[in-house]
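# What the coordinates show
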Amino acid sequence: MKKIITILSLIIISIITFKVLLDKTIYIDSFYNIVKNIINDDLTKYIKFFTNISGYIVLISLTLLLSFIISDRNIRILIPCNVTFIFLLNYILKVIIRRPRPVVNQLISEIGFSYPSGHSMVGTAFYGLLLYLVYKYVKNKYLKYSLMVLLSIIIIFVPLSRVYLGVHYTSDVLVGFLISIVYLIFLIDYLKDKKYVK
């Protein structure tokens, strides 16, 4: 199953990236035309919450907090290394591809390039790793599955929030999400192979 997900993800990433580089029409980007019809002030408040919890200030704060409260030395090192690596990878990809942000009604102010979405990519890698660690280490079943549902909701809604707010194309957030999914598959397999996690 992991191989199928990885191969399909890499194919989608390659096709979309090729189209972005050639400035071709990407049909999934028309998803915004549906989203813009549901924009309202009350909903926007909730959407901004999801975008903010994948912002760099929150992620850095959570990383520092987890480094203090987690006793396992390997995991204390793993969490900041994970978020730093994926942030740098996203930055490099943005600088190479240099896709401008969408010219639509942006509900928040953003700077920098659009592809792939940093919030989507970094958020998926950060909360995705936490999801795995919760699944592996939290013993209380109620707490475990509650946290897993919460983290899954965050992972899904952060990318959607970026499209809603008008600061990313749908293809930006989809590719950011898929890059991190592929990355997490390789990372977790590597950690298991090296017995880095028990």
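Residues numbered from 1 in each chain as written. Predicted model: local features only at pLDDT ≥ 70, side-chain atom pairs only at ≥ 80, totals over all residues. Heavy atoms only, no water.

## A few points about the overall build of the protein
Helices and strands together make up the secondary structure of the protein, namely 8 helices and 0 strands. When its helices and strands are written in sequence order, the protein yields α-α-α-α-α-α-α-α. Taking 198 residues into account, the globule formula puts the C-alpha radius of gyration at 16 Å, and the protein, at 17 Å, falls close to it. If you line up the protein on its principal axes, its C-alpha atoms span 45 × 40 × 30 Å. For the protein, with 198 residues in total, the buried portion stands at 44%. (Helix = DSSP H or I, 4+ residues; strand = E, 2+ residues; numbered from the N terminus. Rg over C-alpha atoms; globule rule 2.2 N^0.38 Å. Buried < 20%, exposed > 50% of the residue type's maximum accessible area, 1.4 Å probe, protein only.)

## Observations concerning a nonpolar patch on the surface
Nonpolar side chains collect at one region of the surface, where Tyr 56, Ile 60, Leu 64, Leu 65, Phe 68, Ile 69, Phe 87 and Leu 88 lie side by side and expose about 840 Å² of accessible area between them. Broken down by secondary-structure element, the contributors of at least two residues to the nonpolar patch are helix 4 (56-69) and helix 5 (73-97). When residues in the nonpolar patch are grouped by element, the largest group, 6 residues, is from helix 4. Judged by relative accessible area, which is 44%, Leu 88 ranks as partly exposed. (Patch = residues over 30% accessible without salt bridge, like charges linked within 9 Å, V, L, I, M, F, W, Y side chains within 5 Å. Areas by Shrake-Rupley, 256 points an atom, 1.4 Å probe, with all protein chains shown as cover. Salt bridge = Lys/Arg side-chain N within 4 Å of Asp/Glu carboxyl O.)

## Notes on the packing of aromatic side chains
Within the structure shown, the criterion is met by 5 aromatic pairs. Ring plane angle 80° and centroid distance 5.2 Å describe the contact between Tyr 56 and Phe 87, whose orientation is recorded as edge-to-face. With a gap of 31 residues between them, Tyr 56 in helix 4 and Phe 87 in helix 5 connect regions that are remote in the sequence. Residue classification places Tyr 56 among the partly exposed residues on the basis of a relative accessible area of 34%. A cation over an aromatic ring shows up here: Arg 99 above the ring of Tyr 169, its NZ or CZ 4.0 Å from the ring centre. Above the ring of Tyr 135, the side-chain terminus of Lys 144 is found at 5.3 Å from the ring centroid. (Phe/Tyr/Trp six-rings, centres within 6.5 Å; stacked < 30°, edge-to-face > 60°. Lys NZ or Arg CZ within 6 Å of the ring centre and 35° of its normal.)

## Quick notes on helix 7 (residues 141-164)
Taking 1.5 Å as the rise per residue, helix 7 with 24 residues should run 34 Å; its terminal C-alpha atoms sit 34 Å apart, in good agreement. Of all the bends found along helix 7, the most pronounced is centred on Phe 157 and spans about 25°, while Pro 159, a proline, follows it within four residues. For helix 7, the complete set of buried residues consists of Lys 144, Met 148, Leu 151, Ile 154, Ile 155, Val 158, Pro 159, Ser 161, Arg 162, Val 163 and Tyr 164. Those residues of helix 7 hidden inside the fold are in contact with helix 2 (31-35), helix 3 (41-52), helix 6 (118-137) and helix 8 (170-193). For helix 7, the side-chain oxygen to backbone nitrogen distance between the N-cap and Tyr 142 is 3.0 Å, and the N-cap itself is Asn 140. (Expected span 1.5 Å × (residues − 1). Bend = angle between axes of the 7 residues up to and from the residue. Contact = heavy atoms within 4.5 Å. Polar contact = N/O pair within 3.5 Å; in protein donor to acceptor, adjacent residues only side chain to side chain.)

## Here we look at the packing of helix 5 against helix 6
Here helix 5 crosses helix 6 at 160°, and the two axes come no closer than 9 Å. Judged by the angle between their axes, helix 5 and helix 6 are roughly antiparallel. Pair helix 5 / helix 6 crosses with right-handed handedness. Every residue of helix 6 that contacts helix 5 at Ile 75, Leu 78, Ile 79, Asn 82, Val 83, Ile 86, Phe 87, Leu 89, Asn 90, Leu 93 and Lys 94 is listed here: Gly 118, Met 121, Val 122, Ala 125, Phe 126, Leu 129, Leu 130, Leu 133 and Tyr 137. Among the residues forming the contact of helix 5 with helix 6, the class breakdown is 16 nonpolar, 3 polar and 1 charged. (Axes fitted to C-alpha atoms, helices over the stretch in contact; angles between N-to-C directions. Parallel < 35°, antiparallel > 145°, perpendicular 65-115°, else oblique. Left-handed = near helix turned anticlockwise from the far one by under 90°. Nonpolar A, V, L, I, M, F, W, Y, C, P; charged D, E, K, R; others polar.)

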